[in-house]
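Fold and contact review
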Amino acid sequence: MAGLSSRGAIDLHNECARLQLDEEEEGGLEVAVEEDEDNGRIKNDSRYCLMGRFLTDKVINFAAMKNPMAALWRSGKCVCIKDLSLTMFLFQFFHEIDVRRVFDSGPWTFDQHILLVHRLGAEEQPQNVPLFHTNFWIQIYNLPLGFQSERILHSIGNYIGSFIESDENNLKGVWQNYMRLRVSLDVRKPLKRRMRLKRTGGEWFWVDFKYERLNVFCFICGLLGHTERNCPSLYDGVDDNATRPYVIWMKAPSRRGMMNSGERWLRTAPPEMEEGNLGNYSNLWIAMVVSENGATRSANDGNKSRGKEQILLLQNLPLLSEVGVKWELMARIRGILQVA
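Keep in mind it's a predicted model, so treat the numbers as computed, not measured.

What follows covers the sheet that holds strand E1 (residues 49-54). In space, the 5 strands of this open sheet follow the order E2-E3-E1-E5-E4, with antiparallel pairing throughout. Each edge of the open sheet is held by one strand with a lone partner, namely strand E2 (79-83) and strand E4 (108-110). Going across the sheet, the axis of each strand differs from the next one's by a mean of 30°, ignoring polarity. The strands touched by helix H2 (residues 62-73) within the sheet are E1, E2, strand E3 (89-93), E4 and strand E5 (113-119), with E4 carrying the most contacts at an inclination of about 145°. Against the sheet, helix H3 (residues 96-104) makes contact with E1, E3, E4 and E5, and its axis sits at roughly 135° relative to E5, the strand it touches most.

So this is what it looks like as structure tokens:
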């Protein structure tokens, strides 16, 4: 009897547990809007949130990171940065303009580490977001005129990664030194260096890729996030002295640095001194030793010369006797050297 009673109790317990599970499957709470009943304020608004992690194995110092990033973005409505873990961060903005500007203007870096970002959807959980992609503007070189079309540029972008957009100025004018594409890159795959193209029945040719704002990447494996010094391929027997397949020229020159400098708006002396002392000059001969591979131009005849130790003579260079002599002299020397 005792055994039967015990068995009956177990069966009753199991039946109750099954009923409870059935209630869980049938029950639930339907919510129209996630709203705070106290003040009508929507909580945990993810409309303007970016989830991010830095492409590094190092632990990011959260306190040291958030202020420089906020200062870099200069969001009109500010930004709230939260650390969800040692490697995952939530960037909450408060206006579409701010979040769109940050998301579209990457890649961003802190301490030379790329920030991988993903814009959260309405029902996405931040901890479940895979962060393996980043967006780059890439310059396409050596593309002939006959291949400069949106269709071909789209195909090139998908070869590099996932095409996002093409620079609106790509097909304007007669000739561009390069085309620009915005592409989403998978950081688990090596960078693309170049691509072969040809017309049907024609010959193959190469187009080269240069990445804007490219920071840390490996010359051995081509992956972002580490240098050749820390490349895992070294443990596979890669020769330290072997030729590196990836090179520094894959970094595109700064487009800001290529623009004209501000020297045209600078003065080397007060206006009255520049205008009033143009006649008070004395002749000056200056000798400068130019490095072995330097190319110089004589101030008198404009001829170029090369040599191990060349003497550059600047003849009849005006020298002001008043305040500002050094600045005037340095500016004129700099101008002549730039011409050379």
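With 62% of its residues at a pLDDT of 70 or more, the protein chain has an overall mean of 76. Low confidence marks residues 278-326, where pLDDT is under 50. Its contacts with residues over four positions away, or in another chain, come to 81 contacts.

Let's shift gears to the packing of aromatic side chains. Taken as a whole and assessed by the stated rule, the structure comprises 11 aromatic pairs. Ring centres 4.9 Å apart and planes at 75° place the aromatic pair Phe147 and Phe205 in the edge-to-face group. With Phe147 in the loop between strand E6 (133-141) and helix H4 (150-160) and Phe205 in strand E10 (residues 205-211), this residue pair connects regions lying 58 residues apart in the sequence. Note on Phe147: relative accessible area 10%, which makes it buried.

Take the nonpolar core next. Grouped together as the largest cluster of nonpolar side chains are 37 residues, with contacts concentrated most on Ile138, Ile140, Ile156, Ile160, Phe209, Tyr211 and Leu224. For this core, the secondary-structure elements that each account for two or more residues are E1, E5, E6, H4, strand E8 (178-186), strand E9 (194-197) and E10. Within the second largest apolar cluster, 18 residues are counted, among which are Trp73, Phe93, Val99 and Trp108.

Below, the discussion takes up unusual backbone geometry. Cis geometry marks the peptide bond from Gly106 to Pro107, where omega comes out at 5°. Here Pro107 shows up in the loop between H3 and E4. In the Ramachandran plot, Arg74 falls in the positive-phi region, its phi being about 50° despite a non-glycine side chain. With a phi angle near 70°, Cys78 is a residue other than glycine that sits in the positive phi range. Its place among the elements puts Cys78 in the loop between H2 and E2. Residue classification places Cys78 among the exposed residues on the basis of a relative accessible area of 52%.

Among the secondary structure elements, Asp98 is positioned in helix H3. Leaving out residues up to four positions away in the same chain, Asp98 has contacts with Ser75, Gly76, Lys77, Cys78 and Phe93.

Moving on, we get to H3. Here H3 has its buried residues at Asp98, Val99 and Val102. In an axial view of H3, the angular spread of the buried residues amounts to 90°, which keeps them on one side of the axis. Buried residues along H3 sit against E1, H2, E3, E4 and E5.

What follows covers the state of the cysteines. What the rule picks out here adds up to 0 disulfides. Here Cys218 is not cross-linked by a disulfide; its sulfur's nearest cysteine counterpart is in Cys231, at 3.6 Å. Judged by its relative accessible area of 0%, Cys218 is buried. Free of any disulfide, Cys221 has its nearest neighbouring cysteine sulfur in Cys218, separated by 3.7 Å.

Below, the discussion takes up the sheet that holds E9. Read from one edge to the other, the open sheet built from 5 strands follows the order E7-E8-E6-E10-E9, with strand pairing classed as antiparallel. The open sheet has two edge strands with one neighbour each: strand E7 (162-166) and E9. Averaged over all pairs of adjacent strands, the angle between strand axes in this sheet comes to 35°, irrespective of strand direction. Sheet strands touched by H4: E6, E7, E8, E9 and E10. Its angle to E7, the strand with the most contacts, is close to 140°.

Turning our attention to a nonpolar patch on the surface. A surface patch of nonpolar side chains, about 370 Å² in accessible area, is lined by Leu145, Val174 and Trp175. Relative to the helices and strands, Leu145 resides in the loop between E6 and H4. For Leu145, a relative accessible area of 52% puts it in the exposed group.

As for its position among the elements, His154 is in helix H4. Judged by relative accessible area, His154 falls into the partly exposed class, the value being 36%. Through-space distance from the C-alpha of His154 to that of Ser166 is 7.8 Å; in sequence the pair is 12 residues apart.

Attention now goes to the pairing of E10. Of the two faces of E10, the one holding Phe205, Val207, Phe209 and Tyr211 is buried and the one holding Trp206, Asp208 and Lys210 is not buried anywhere. In the sheet, E6 pairs with E10 via 4 bridges, with the strands oriented antiparallel. Counterpart to Gln139 in the pairing with E10 is Lys210. Taken together, the 4 bridges between E9 and E10 define a ladder with antiparallel strand orientation.

Calculation criteria
Residues numbered from 1 in each chain as written. Predicted model: local features only at pLDDT ≥ 70, side-chain atom pairs only at ≥ 80, totals over all residues. Heavy atoms only, no water. Pairing = 2+ DSSP bridges. Helix = DSSP H or I, 4+ residues; strand = E, 2+ residues; numbered from the N terminus. Axes fitted to C-alpha atoms, helices over the stretch in contact; angles between N-to-C directions. Contact = heavy atoms within 4.5 Å. pLDDT = per-residue confidence, 0-100. Phe/Tyr/Trp six-rings, centres within 6.5 Å; stacked < 30°, edge-to-face > 60°. Buried < 20%, exposed > 50% of the residue type's maximum accessible area, 1.4 Å probe, protein only. Core = buried A, V, L, I, M, F, W, Y, C linked by side-chain atoms within 4.5 Å. Arc of directions from axis to C-beta. Disulfide = S-S within 2.5 Å. Patch = residues over 30% accessible without salt bridge, like charges linked within 9 Å, V, L, I, M, F, W, Y side chains within 5 Å. Areas by Shrake-Rupley, 256 points an atom, 1.4 Å probe, with all protein chains shown as cover. Salt bridge = Lys/Arg side-chain N within 4 Å of Asp/Glu carboxyl O.

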